[in-house]
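Now for the letters of each chain:
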Amino acid sequence: MQLFPCPFCGPREESEFHYGGEAGNLRPDGNDVTAERWAGYLHMRDNPKGPTREIWMHLTCGEFFAMSRDSVNHKVSGSSALGETEHGA
Amino acid sequence: MSASRLPNGGSDIDRARPLTFTFDGGRIEGFAGDTIASALLASGRAVVGRSFKYHRPRGIWGSGVEEPNALVDIERAGGRVPNARATTEPAKDGIVVRSVNATPTALADRNAVLDRFARFLPAAFYYKTFMWPDWHLFEPRIRAMAGLGVVDRNWKPRQMADQINHHCDVLVVGAGPAGLAAAAGAAAAGHSVALVDDSTRPGGSLRHRAGDVDSVEGMAWVDAMVAKLKSEGQLVLSDTTAFGLYDHNLVALNQRHRDGRPDTLWRVRPRRIVLATGAIERPVPFANNDLPGILSADAALAYLRRHGVLVGQQIVVATNNDSAYEAATALAAAGASVTVVDCRRDCGAQAGAGIRVLAGRTVVAARGRNAVRGVLLDDGTNLAADCVLVSGGWTPTVHLFSQAKGKLAWSDDLAAFVPGEAVDGIGVAGAVAGTVSLSETLASGAAALGPFGSSSTPVAHSTGAEATLGVVGLWPKPKAKGRVWIDYQSDVTAKDVELAARENFVSVEHLKRYTTLGMATDQGKTSNLNGLALLADVTGRGIAEVGTTTYRPPFTPVPFASLAGARRGSMHAPVRRLPLEASHRAASGVFQEYGGWLRPAYYGSGDAEAAIQDGVRRARQSVALFDGSTLGKIEVIGPRAADFVDFIYYNTMSTLKPGHCRYGFMLSENGVVFDDGVLVRLDEHRFIVSCSSSHVAAVHARLEEWRQDRFGRDAVYIHNATAQYATLTVSGPNARGLVEALDLGATLDDASLPHMAVAAGRFAGDEVRITRVSFTGDRSYEISIRADRAEALWTRMQQEGCAFDAVLLGLESLMILRAEKGYIVIGKDTDGNTMPHDLGVAGPRTKRTGEFVGRRSLFIEAADDGNRNQLVGLAVREGEAPLATGAHGVEKSGGPLRSIGFVTSSYRSPILGRPVALALIERGAARHGETIDVQHLGVVRQATIVAPCAFDPEGKRLHA
Ligand SMILES: [Zn+2]
């Protein structure tokens, strides 16, 4: 069982968290978005092997945040609250 | 084999406390401190089990968790323990012990005949043979013949198992000399320590091997160290196995209790882990090396010194290393005649007095039937023996290190894999790290602490004899004569390994699965390396190149009761309960689980179907009372609340006037309908999202996601108030009359409170919210009140209801009422493809200009596909029974029969006097009036596509 650092609550067990997706997957607004771009937003993921930055939700406090971890060895290198600059990032 | 109890000796046993138990019906005597295995040996029992596949007679091989053969079922106060290792289970007065996989007893097993057909039962025999006509034909009898212990189907735990979360600075696994040195070092450096060991007593190898530390005898030092740790408040656990090492260095422990309590599961999160897990002696490969009376040399020494048991009178020791000589010397001193067969030419100097050493010789075969009678050497010599001790070298117990993704490195010096490159936060010490002498072992304990050690604290020193090893490879050879056993527990021979290699199962992982080598409870503790070495030889590779299989938790079996803890029975997946559950039960409510909630399915003690149909009838005729408290009540508040709900919903919501409600869909970003429900606007900046009962948590999470991602924390605030309110619904032609009788202080005429409007009222001093929304198609009022004050209102509603012949409505009746109206349940009447226009709600898709969740997906190519499944009703012919839910509409046009959709809801309508059904059917909206085939379990019926709404299509009753 992994330990994830919620920026608001501190280290908690992974079962308290919900995966929100890869960070940086910006939502394209509008109906003139191409089908390819929309499909990229919906389905296409980098799924990197190694360092990755992800959005997670801490279910018990309800906050979404960004977490950096390694998809190979599961080491977590840090997490941060989604600031104004991070909306959608 | 003629093992016996010596008149003296045995550090573990208390001869003043004799005990008796039964084994396979026979009486066994022992002493307190005996294991079941030591008591069986002391009583001269050679055969203690039958092998898994061939039903070969097997004896005790080891003295601890490595035991592959002596698995037993134990009946004792507190229930039956299946597949226990006789070598780790304490003997207790009065317990009933049975060998597993043997009928009726291990000695007289009636399936023993299987062994004579062994050459017809090679590896993968079952895969290859019982294919035709069907494996299931053979499976029951094969399973009855194979397999291990018997589960007690009537077993009930007397109490739930404890589960403990523990944090400490340093966790040391293994309380041998290395582990004790590590624990002492960490404690001296001021750290909190947990020291755990799977044996009944700390000490590890010092429990039966010579060694002096800091000028005192080994066990005296062990006892002093343990006492010191305990006095300092450190945690020291015996009978506790670290069985799993997981991500982020979580270690799971299983602690066994000797007082009948269920095992305790520990989840330990240390900052540093020291693995001092020791090493396990390997078997020596020769033909018939599985005969009872052939056992690990180290185990023989343990039985001698811990239990005062002499394992034989005429003993042959087969070895490739120095470690067996301590056993040989001690057994000779205890009165046995001992011959050492050492495969090394240069070894003689070690032998103690009275021991014959045959250097440069190997054992090639053992003789005997139910017990070993002698051995044949490679030079043709026959030696008589009633016991053969083997030491094929030592395999470091790297299971936990390997579970931590640690890489192993091959050591030629040790002829074994040892931990390779260090893993973060984990140190290894002692025999698992490849140390041999006590000096090295003690030093490695302190060194394994890394930053948690202290250079200023004195390290314990070995002050007595130092062990040596000098091991050389003595591996199984291809094409050896006879049956050389590699894995005792899974009944795998050298020939099976060779066969697998011939059939090209040359990856070690494939070998494992094809032959079952290293599987089951044993996990390759004794067998792994011999199997790998043989595979390496057959395939012309080095052992290092072949590599090892993945070690998986648990290291030893863990009872499910321990893993489950409190999560059993009703606590396994706890249901959510209504605040008024007691009232419903008092009114004969029959409860079922719906989407995680325990709710009344219907009321009454008679026939369920009759009660459900009666509820529907009376709801349509007069009035029904229904507990809808599970409906979501998520408040959306803030300056941008209106923008927010516009974005969240498919339908435009910002045009809703305060005091009114609107039905709408929420979509996923892929355009699929995710939830439906009514949005209430209380004022300019405050809405209540009334989502489906089973969707509340998911909807809440989505609202939070969009709030935080797109709108910001100061623009909208979201509060899930679902559990704070009970919602009690009054529905039916007489609903208004009943609600008026409640005196809620609200004006209820249709001008003041029309359909889809909300009003405030009071009941007994508490505010209530009255919402006119309907899931039945009849005039309905949903009254929400503080959950803790709901009971009085519910009671009052029932009292006033008497005058109206009000009926208490369970969920099953409600489902019929809504299906008659064609009202859908998301996830039941929709699937993962259903878009809003498939449900006949196309307006927002074409008319809305603003952005909302899922919008772009409504315009992808698939969304415009003319063959989409669409919501319809299905009517059956007069007098026919309802269609089966899940039945498929089928069509045969040119090609093969294919599905054109399926029935999603189907009920008998008492008001209409016929069945009603909802379905998702290809192009269904344009096919009203068409008759289609509907197939269920091979039976084809006809149904006519109709509008989803079968009752009151004009909706007059909403206002009646
Ligand atoms: Zn948190």
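The following paragraphs examine the structure supplied in this document.

**Structural notes on the overall build of chain A**
Thinking step 1. The secondary structure content of chain A amounts to 1 helix and 6 strands.
Thinking step 2. Ordering the α and β elements of chain A from the N terminus gives β-β-β-α-β-β-β.
Thinking step 3. Overall size of chain A, expressed as C-alpha extent along the three principal axes, is 45 × 25 × 20 Å.
Thinking step 4. Here chain A, with 89 residues, has 36% of them falling under the buried criterion.
Thinking step 5. Pairs at least 24 apart in sequence give 45% of the contacts found in chain A among residues at least 6 apart.
Thinking step 6. Looking at chain A as shown, the accessible area adds up to about 4,800 Å², and 53% of this sits on carbon and sulfur atoms.
Thinking step 7. In chain A, the 8 positive side-chain charges and the 13 negative ones have mean positions that sit 5 Å from each other.

**What to know about the coordination of the zinc ion**
All names here are of chain A.
Thinking step 1. Coordination of the zinc ion by the protein involves C6 (SG), C9 (SG), H58 (ND1) and C61 (SG), with metal-donor separations of 2.0 to 2.3 Å.
Thinking step 2. Seen from the zinc ion, its 4 donor atoms lie at angles of 106 to 113°, and the figure they make is tetrahedral.
Thinking step 3. Sequence spacing among the residues donating to the zinc ion works out to C-x2-C-x48-H-x2-C. Residue C9 is located in the loop between β1 (3-6) and β2 (10-13), and its partner H58 is located in strand β4 (residues 51-58); the two are separated by 49 residues in the primary sequence.
Thinking step 4. Given a relative accessible area of 29%, C9 falls into the partly exposed group.
Thinking step 5. Residue H58 is classed as buried on the basis of its relative accessible area, which comes to 0%.

**Observations regarding the interface of chain A and chain B**
Thinking step 1. Facing the 26 residues of chain A at the interface are 27 residues of chain B.
Thinking step 2. Summing both partners gives a buried area of about 2,300 Å² for chain A against chain B, and 44% of it is carried by carbon and sulfur.
Thinking step 3. For the chain A face of the interface with chain B, the top three residues by lost area are M1, R27 and N31 of chain A, together amounting to 26%.
Thinking step 4. Connecting chain A to chain B are 6 salt bridges.
Thinking step 5. We note a salt bridge from K75 of chain A to D424 of chain B, for which the minimum N-O separation is 3.2 Å.
Thinking step 6. For the pair chain A and chain B, the interface holds 16 residue pairs in polar contact (both at pLDDT 80 or more).
Thinking step 7. Those elements that place two or more of their residues in the side of chain A that touches chain B are β1, α1 (35-42) and β5 (63-70) of chain A.
Thinking step 8. In terms of residues, the side of chain A that touches chain B owes the most to one element, α1 of chain A, which gives 4 residues.
Thinking step 9. Its residues placed into classes, the side of chain A that touches chain B shows 13 nonpolar, 8 polar and 5 charged.

**A closer look at unusual backbone geometry**
Thinking step 1. Between P553 of chain B and P554 of chain B the backbone carries a cis peptide bond, its omega angle lying at 0°.
Thinking step 2. With respect to the helices, strands and loops of the structure, P554 of chain B is situated in the loop between α13 (543-546) and α14 (560-564).
Thinking step 3. Despite not being glycine, N47 of chain A has its phi angle at roughly 45°, a positive value.
Thinking step 4. With respect to the helices and strands, the residue N47 of chain A is situated in the loop between α1 and β4.
Thinking step 5. Under the relative-accessibility criterion, N47 of chain A is labelled exposed at 65%.
Thinking step 6. The backbone of H74 of chain A sits at a positive phi, close to 65°, despite the residue not being glycine.
Thinking step 7. A relative accessible area of 23% places H74 of chain A in the partly exposed class.

**With respect to the sheet that holds strand β45 (residues 780-786) of chain B**
Residue and element names in this part refer to chain B.
Thinking step 1. Strand order in the open sheet formed by 6 strands is β43-β44-β45-β42-β36-β46, with mixed pairing between adjacent strands. Two strands lie at the open edges of the sheet, namely β43 (758-763) and β46 (807-808), each paired on one side alone.
Thinking step 2. For β43 and strand β44 (residues 766-771), the ladder comprises 6 bridges, and the chain directions are antiparallel. Counted as the bridge partner of V758 is T771 from β44.

**Comments concerning the pairing of strand β28 (residues 408-411) of chain B**
Residue and element names in this part refer to chain B.
Thinking step 1. Both β28 and strand β29 (residues 416-419) contribute to a ladder of 4 bridges, which runs antiparallel. Counterpart to S411 in the pairing with β29 is A416.
Thinking step 2. With antiparallel pairing between neighbouring strands as the criterion, β28 and β29 make up a hairpin whose turn holds 4 residues, including A415 at a positive phi of roughly 50°.

Scoring rules and cut-offs
Residues numbered from 1 in each chain as written. Chains lettered and ligands numbered in written order. Predicted model: local features only at pLDDT ≥ 70, side-chain atom pairs only at ≥ 80, totals over all residues. Heavy atoms only, no water. Helix = DSSP H or I, 4+ residues; strand = E, 2+ residues; numbered from the N terminus. Buried < 20%, exposed > 50% of the residue type's maximum accessible area, 1.4 Å probe, protein only. Contact = heavy atoms within 4.5 Å. Areas by Shrake-Rupley, 256 points an atom, 1.4 Å probe, with all protein chains shown as cover. Lys, Arg positive; Asp, Glu negative; His and termini not counted. Charge placed at Lys NZ, Arg CZ, Asp CG, Glu CD. Donors = N, O, S within 2.8 Å, 3.2 Å for Na, K, Ca; no water. Tetrahedral: all angles 85-135°; square planar, octahedral: opposite > 155°, others 65-115°. Buried area = accessible area lost by both parts, 1.4 Å probe. Salt bridge = Lys/Arg side-chain N within 4 Å of Asp/Glu carboxyl O. Polar contact = N/O pair within 3.5 Å; in protein donor to acceptor, adjacent residues only side chain to side chain. Nonpolar A, V, L, I, M, F, W, Y, C, P; charged D, E, K, R; others polar. Pairing = 2+ DSSP bridges.

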